[in-house]
Amino acid sequence: MASLAAPSRLLPAQCGRPRPRPRRSLGCGGRGLNDDGARRRLTHQHTVDGHIHPKFCTHGRWSSLPRPSPTPHRPPPSSPRCSFSTTHRVVELQGGLEKSDLLPPLGAGNVADRTRRLLSSDHPRRRNFQRLLDEARSNRKLLQRLQLSPDEAKTMLLLPPDLLRDVHSAILHFSQKSNFGGLNIAAGESVLTSKVPGPMLCARLLELVGIPHYHQQQQSTAASSATNWPHVKIRVHSSQIDAILDVCRAAAVALSRSCEVGRHSLLAANFHFHPRNSTNVGDGNNFGEPAGERKSAARLAEEICRTVNNLEIVYTSGTREGAPREGPWQMRVGRIGSIGMTPGPLEEYLGPAATAIGELEGDGPPWSPKDRRRHDTATMIFNAALAAYAKSAASSSGARLHQRREMLQNAERMLLELASQNQKDPTPATILQCVRPDAVSFNTAIKAWSEFGPRSPPQPEKRGRPSNRVDGECTAALAAERAESILTLMQDLHDEERAAHSTARAAWNDDRWAKEGRAPPVERAIAPVAYNGVIKAWSRSSDPEAPLRALAVYKTMMERSNVACSARESLRGTGRGTGGGAAPEGRTLVFLLQALHTLPAAVGLEDALATVESIHQSAKDLDEQRRWSAEHGLAPSSHREPMLNVFSYNALIKAMSKLPATFEEGLTSCLRIDEIVDDMRQNPSLESEQQNQVLPNAIAAWARIAELAGDDRRRARSCAEKVEPHVDALFDGSRGEGGQRIYAVQAINDAVALYGRAGWPSKAKDLFVRAKACNLSNLGTLSAAIDALCKHGGEDVTLVETAHQHLLEFERDKMRLNGSVVAPDMKYTALYNAVIAGYLAKNKGTEQAEALLRRMIAAHESNPRHIARPNTTSFATVMAALAQRGDSVHKLEELLGTMERLHGRRVRVPPTAPEAKLLANVAPNIVVYNLLLKAYARTNDVQSAMKLVHRIEKDSTIQLDEVSNSYLVGLMAGQNQSDPDGPAGKAPSDSLAISPLNLNDQKLAVPVKSFDSIMNTYATTGTAEGAEKGAALMRKLEAMYASGELDAKPDVFFYNKLMNAWQLCEQNNKDQSICPSEKAEEILDSLCEQYEDGVEGAVQQNQVLPNDVSFSICIHAWCKSDRPDAAERAERLLRRKEVFANKYRNIAVKASDFNPIISKWKGDPERATLLFDEMVVRYADSEKWIRPTAGTLNSLLSVYGKYEDKNLAPKAENLLHRTNQLHKDGKGCILPDMVSYRTVIDAWIRQWHKDGPQRVDALVQDMAEKYEAEGRTDLRPDENALNLILKACAQAPPMWKRQGAAEKGDNHPIAIANKTFAALKGKKFGASATHATYSFMFKVYRQHMDFHDERYAPLMLNLWRSCVRDGNLSQFTLRAFRDSVLEKDFWAAVGGDDLRKSGTDKLSVKDLPNQWGRNVISLKDRGKKTVATS
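Here the structure is a predicted model, which is why all the values come from computation and not from measurement. (Residues numbered from 1 in each chain as written. Predicted model: local features only at pLDDT ≥ 70, side-chain atom pairs only at ≥ 80, totals over all residues. Heavy atoms only, no water.)

(A) Fine view of the nonpolar core. With 350 residues, the main nonpolar core has F271, I304, L593, I786, F875, M879 and W1360 as its most contacted residues. Among the elements that make up this core, the one with the highest residue count is helix α9 (residues 238-258) (11 residues). If sequence neighbours within four positions are ignored, W1360 has contacts with F1338, L1369, L1374, F1377, A1389, V1390 and W1412. With 8 residues, the next largest nonpolar core counts L142, L148, A153 and V314 among its residues. (Core = buried A, V, L, I, M, F, W, Y, C linked by side-chain atoms within 4.5 Å. Buried < 20%, exposed > 50% of the residue type's maximum accessible area, 1.4 Å probe, protein only. Helix = DSSP H or I, 4+ residues; strand = E, 2+ residues; numbered from the N terminus. Contact = heavy atoms within 4.5 Å.)

Written out as structure tokens, the structure is:
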């Protein structure tokens, strides 16, 4: 701002003489007061102590006097002549301000020093803004200059000119990105200083002029809400509005830039300054904001924007009112002529339009360029605040998902508030209150939402089986929905504006800008970027409906582009051809094709391919139209890039390659891709080099469908044959340089891998050599070639040797480089491991593999920077081959010693040391130890195996697993495990070949912990045989301890594992001669016998005492038993445990002991109720881990629900409600959960009661009320809960024969089912319809609807169509539909006579299209069966 710089020194000859042109006043918005005709005088400059001070000598009337009528401005009388001397003094101070408050102009000092002084805590203006404002309002000189009365000034935001000047210059300086480093500012009264960033300096400087806190104070005083836009008007003089707008714009833009991720990012900064340092709390009032609240940069920018949009400009001269209107603007009409010069036929033709334009203009003053500039500045401030929220919501900001979503919602809220405000006719005074969002505003919000979702949406594993719903998918769908809604609003406002203004009016207004030599602005013109953003948002979503939504947006874009009004451009003769619409471009096509990755799941593969081809054809047609228009002079040749460029062709090929899910579908898709490549070569707009950039994606498409072929080499070879022409063309057209080299190399890597998959290792080798010669290879090419030679070369070991040679050549080339550059890496190690695996896959290749491993070890130990660095996989691969041989034990032990040595070297080096990255990542794990155990098992070397176990147990990071236990069990049983698959599955014998170990040539006792894993193996078999083996092992261990062969006696955990082995085999026991529960109780009895001698005697004799788990295992064993007296035996053990619990602290009776016993009394509900009441009465006030839980209640409810002799469903429901009420009143410790409700619901369903549907519906409604009112998220009704209502309706007694059934109304089963089905279709509570929903609906109509009803057959058919359209067809649904309709109707619905030959009984859902069951998740994938379908 040149007007805000320091004034130049006046020459003596100019003093006292009026200038021909009034001088611009400092701090008055850059234009001075001549904008509104205020009377001013010359500015005199004086020097005091070497500083320059301005003095405003103002003469004239008070503004409180009657204002003169608007007359042409005349120069004011000359001011008195002033004499100059060497030292001047200030004749008069401004407005009574103190002398220290007058700062010298910034030109005489430094901006940094002036900023420090402005922000110092002892500065008068820093201490109290309200006092400063009152002094400015009472400054007679200032009011006289501005022609304001004291009454008018009381309601205005009036600032001292020198303060506004200094703040303006400082903010403009620190708002520049180069000055974001900030300034060191003293922190309060402390001598310490802190670095304050530039945007934060702008925010603090802005406080000095009352923004935004003055507006907040006015709102607080008026007791108005801050949610609507606008509220309190702030009156500002026209001489200061430009400077205020300028500082607001600079500060808002700086705050927006500070929300970017980078060096000077302030995303986590707090812009809510402490009241002690803030000017808006001079009297201790913070204007309603909490003192501890954090304020982000985006929120502060919004507050600045709100302040600007509530400013009202005060003009005191009257020149802006009643000014003569300018004549009509001349309007160009193509090449024919113009209007406004000489009347003619064309002017007469368009005369009515000109008259209408005059009426629309009104009688108010026209907009001046200054009004337009102020309006645009306010719009820029709004866009800066909007961009601040958008940048804060970026994924790179590091904020959490809900924080990013909140930022975007704030941005959308601002946009909607400003777009929905009542539009009034703007006047020069209210022009800032009539700001509307422009195209930048909408595009900012759309772009932010489009980038909110994850960058790469997860793909479903198989078409027909959707992937799990993760938060990223829901986020992407939400973002796309919001972006599309904003685009819709933008279209509506654009159509509304075009409807309100005719084409002639638009051309007339635009011609005003043409007369000024500037391009007319396009208000809310919908550019392609808006549509591209929405389509991009849908491309990030994996929702099945996303492709259809993206296609709908593209269709809308095409329609609006086709019907866009071109008369405006034709009349003006500009030839731009935009028509106010958005024509698709190359990026539009790219985003649209990226959004089609889930299209086959919605419409099927054939329709998806047809859709992609139709998009391709429409793009071709559009490019052809544009080319024809350019050739015939109807559009400039450089108007728009063609839609079909190299990027859109690549996107087209990628989209078509991702659509297929089977090899047959992929073959069809890739053949079409080849046709597109051939068609692309005929495109004149693409050069040959650009055409070659598409070939890598075509090669990748063929390589992808070869993966779908699996192990079928015939199909893989057919794909490899199709790739060869593309590879040759790639070599012919590639120059081996530039950015496209990366894509060419990747394509060659895909081709090499494809040749290997096809069983052509020789071709893969030749292609690798050719690529290496043409400088089109990298490490990936070598890796693909080695894989092709080693994995797909059959039994020919020469191919592996060839791969070995290529690897050694690569090694030599690498090691020739500078030693400081070369470093080992896992990707190099993987190459060596591939060659080792290739040798081991061939006959007699073990020696070569072992030699290569030893070479790697030697190279690494001699040179840590050598690329041949082994890892654990290198050792494990070779050791696995050696373990198969019985004569390689010593080699295995040697390799294991080498691994431990390398691992110890790595452990001794600190992780932060530079050499730590060079050491081999080798660590013996349980897999390696098992290989050595396997070798010992083959030679029956028990001593060495136990030594190894003893070594393993010293390492706390390694635990023996099932494989280890199987080898140990076989060794101790004396079995020779020479089979290659190990001893797994073999039952060990009773004879245990265990003898004292000879560790370090010393005869030591065997550690008892060595047998812990063996006992685990027996305890987890779940069979009586395994339990018997565990008992034999226990007897052997007891004998070994008695003879001194064990270092300690087996503890209680050994006995608990043995009892648990009997408990597990209780439910699988088929031998009635054995009672596992009694076996477990016998072990417990043996432990309890030690109790009779007392605890002290038992401890002294080193005896084992039972613990809490011992009793619980036996109780659960009896509860699983089928014996008639099982419940009595279980309860007897419970009483026995109570006796022990009264004496020993390590034993306690818990709810987990009562619950299975209560459930076991399923044949005696009264006995179960007594036990439940006892638990509640005795233990309700106990510790939390002892007291009854919801599981205790569920056990009793299960007894009521499964008891078939009596109708106990009402009793179960009453118990549920009573327990809920007791917990609500604080009198009970049991809170019913989802299982409680479902147990009662199951009770009603099993009763087959006529009131069952009503009661189940009421229970689900009770769950919903508690979920909504009490926040019980565990009671949210999901699909399974709502399906239970349908199940109850389906199993209720038939109602179609009952008299009066039609009068039941809402209580009829069909009415209840319809209501529930509507809730599921509407996704109430987040639940959606499943295959069980449709199955039960078929059964409901079949059970309660008259088959002869004319509505029955159409209703079933419509329900079937809805089922297959939603992809919810399962075998359960198919069977329910088959049982509900006639056979002819069934076959007509499923596909006609072609499937009828298989018969209704043999027809499976697998015989029908996969799309019909795409949303059905099998029980195997789900992991468990839902309650509703059980």
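(B) A look at the pattern of salt bridges. Applying the stated criterion across every chain, the model contains 67 salt bridges. When the shortest N-O distance is used, the salt bridge between R1123 and D1125 registers 3.4 Å. Each of E1128, E1131, R1135, E1138, R1167, E1174 and R1178 takes part in salt bridges that share partners, so that together they form one network. (Salt bridge = Lys/Arg side-chain N within 4 Å of Asp/Glu carboxyl O.)

(C) Quick look at the packing of aromatic side chains. If you walk through the whole model with that rule in mind, you get 15 aromatic pairs. An angle of 50° between the planes, with centres 5.2 Å apart, marks the rings of F1338 and F1377 as tilted. Of this pair, F1338 sits in helix α55 (residues 1331-1344) while F1377 sits in helix α57 (residues 1371-1378), and the two are 39 residues apart along the sequence. The class for F1377 is buried, based on a relative accessible area of 1%. (Phe/Tyr/Trp six-rings, centres within 6.5 Å; stacked < 30°, edge-to-face > 60°.)

(D) Structural view of helix α49 (residues 1190-1202). Here α49 contains 13 residues, and its C-alpha end-to-end distance of 18 Å stays within 8% of the 18 Å for a straight helix at 1.5 Å per residue. For α49, the set of buried residues is A1190, T1192, L1193, N1194, S1195, L1196, L1197, V1199, Y1200 and G1201. Contacts made by the buried residues of α49 are with α47 (1151-1160), α48 (1165-1179), α50 (1209-1224) and α51 (1234-1247). (Expected span 1.5 Å × (residues − 1).)

(E) Fine view of the confidence of the model for the protein. Summary statistics for the protein give a mean pLDDT of 75 and a share of 73% for residues scoring 70 or more. When pLDDT is averaged over each element of the protein, helix α33 (residues 826-840) comes out on top at 93 and strand β7 (residues 331-333) at the bottom at 32. Of the regions scoring below 50 in pLDDT, residues 457-470 engages in 32 contacts with residues more than four places distant in sequence or in other chains. Predicted confidence is poor over residues 1420-1430, with pLDDT under 50, and the contacts of this stretch with residues over four places away or in other chains come to 19 contacts. (pLDDT = per-residue confidence, 0-100.)

(F) Examining the packing of helix α52 (residues 1252-1269) against helix α54 (residues 1309-1321) more closely. Contact geometry for α52 and α54: axes closest at 9 Å, N-to-C directions at 30°. Between α52 and α54, the crossing angle belongs to the class labelled roughly parallel. Relative to α54, the crossing made by α52 is left-handed. Contact with α52, carried on its side by P1253, Q1254 and D1257, involves P1309, I1312 and K1315 of α54 and no other residues of that element. Residue composition of the contact of α52 with α54, grouped by class: 3 nonpolar, 1 polar and 2 charged. (Axes fitted to C-alpha atoms, helices over the stretch in contact; angles between N-to-C directions. Parallel < 35°, antiparallel > 145°, perpendicular 65-115°, else oblique. Left-handed = near helix turned anticlockwise from the far one by under 90°. Nonpolar A, V, L, I, M, F, W, Y, C, P; charged D, E, K, R; others polar.)

(G) Main features of the side chain of E1213. Note on placement: E1213 falls in helix α50. Given the relative accessible area of 5%, E1213 is considered buried. Only 2.9 Å separates the side chain of E1213 from the side chain of W1244, close enough to count as a polar contact. (Polar contact = N/O pair within 3.5 Å; in protein donor to acceptor, adjacent residues only side chain to side chain.)

(H) Region of interest: the environment of R249. Structurally, the position occupied by R249 is in helix α9. When its relative accessible area of 23% is taken as the criterion, R249 is described as partly exposed. Along the chain, R249 and I381 lie 132 residues apart, while their C-alpha atoms are 5.3 Å from each other. Apart from residues no more than four positions distant in its own chain, R249 is found in contact with L172, T377, M380 and I381.

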